[in-house]
Amino acid sequence: MDIQRAQEISSSPNMANVTCNGRQVYIEHVDQQKGTATIHHLDDPNNKQSVSISNLIEH
């Protein structure tokens, strides 16, 4: 995924089908300078992680 699309998804009120390492995630924030996103897995909303945008896949 590219940074622009990740930013669009994180700003959208609609839920997008995005995975990271095969698990569905919610993108909370995008750091364009670092090329990372703060995410949490849908089945574990309290466990936030910072991952590379390149690890995110939109389906």
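Relevant structure appears above.
Since the model is a prediction, treat every value here as computed from it, not as a measurement.

Undergrad: Looking at this model, I keep getting lost on the overall build of the protein chain. Mind explaining?
TA: Counting its regular elements, the protein chain contains 1 helix and 5 strands. Scaling as 2.2 N^0.38, a compact globule of 59 residues should have a C-alpha radius of gyration of about 10 Å, and the protein chain matches this with 10 Å. Projected onto its principal axes, the C-alpha positions of the protein chain cover 25 × 20 × 20 Å. Buried positions account for 32% of the 59 residues belonging to the protein chain. Pairs at least 24 apart in sequence give 33% of the contacts found in the protein chain among residues at least 6 apart. Counting only carbon and sulfur atoms, one obtains 42% of the accessible surface of the protein chain, whose full area is about 3800 Å².

Undergrad: Even after reading the chapter, I still don't get the pairing of strand E4 (residues 44–52), so can you show me in this structure?
TA: For a regular strand, side-chain orientation follows a simple rule: the groups alternate between the two sheet faces. Direction of pairing for strand E3 (residues 36–41) relative to E4: antiparallel, over a ladder of 6 bridges. Among the inter-strand pairings, Ala 37 is bridged to a residue of E4, identified as Val 51. In textbook terms, the turn of a hairpin is the stretch between consecutive antiparallel strands, and for E3 and E4 this stretch comprises 2 residues.

Undergrad: What is the right way to read unusual backbone geometry from this model?
TA: Peptide bonds are, in most cases, trans, and in most cases residues other than glycine have a negative phi. Even without being glycine, Asn 21 reaches a positive phi, approximately 55°. Tracing the sequence through the fold places Asn 21 in the loop between strand E1 (18–20) and strand E2 (23–31).

Calculation criteria
The written sequence of each chain sets the order in which its residues are numbered from 1. Reporting in this predicted model follows two pLDDT cut-offs: at least 70 for local features of residues, and 80 or more for side-chain atom pairs to be given and counted; totals over whole chains, interfaces and linings ignore these cut-offs and use all residues. Only hydrogens and water are set aside when side-chain values are computed; all heavy atoms of the structure are taken into account. Only runs of H or I of at least four residues qualify as helices and only runs of E of at least two qualify as strands under DSSP, and these elements are numbered from the N terminus. We compute the radius of gyration from the C-alpha atoms alone; for a globule the expected value is 2.2 Å times N to the 0.38, where N is the number of residues. Residue exposure (1.4 Å probe, protein chains only): buried if accessible area is under 20% of the type maximum, exposed if over 50%, otherwise partly exposed. For this analysis, residues touch if any pair of their heavy atoms sits within 4.5 Å. Only the protein chains shown count as cover for residues, and the accessible areas themselves come from Shrake-Rupley with a 1.4 Å probe. Note on pairing: DSSP must find at least two bridges between two strands before they are called paired.

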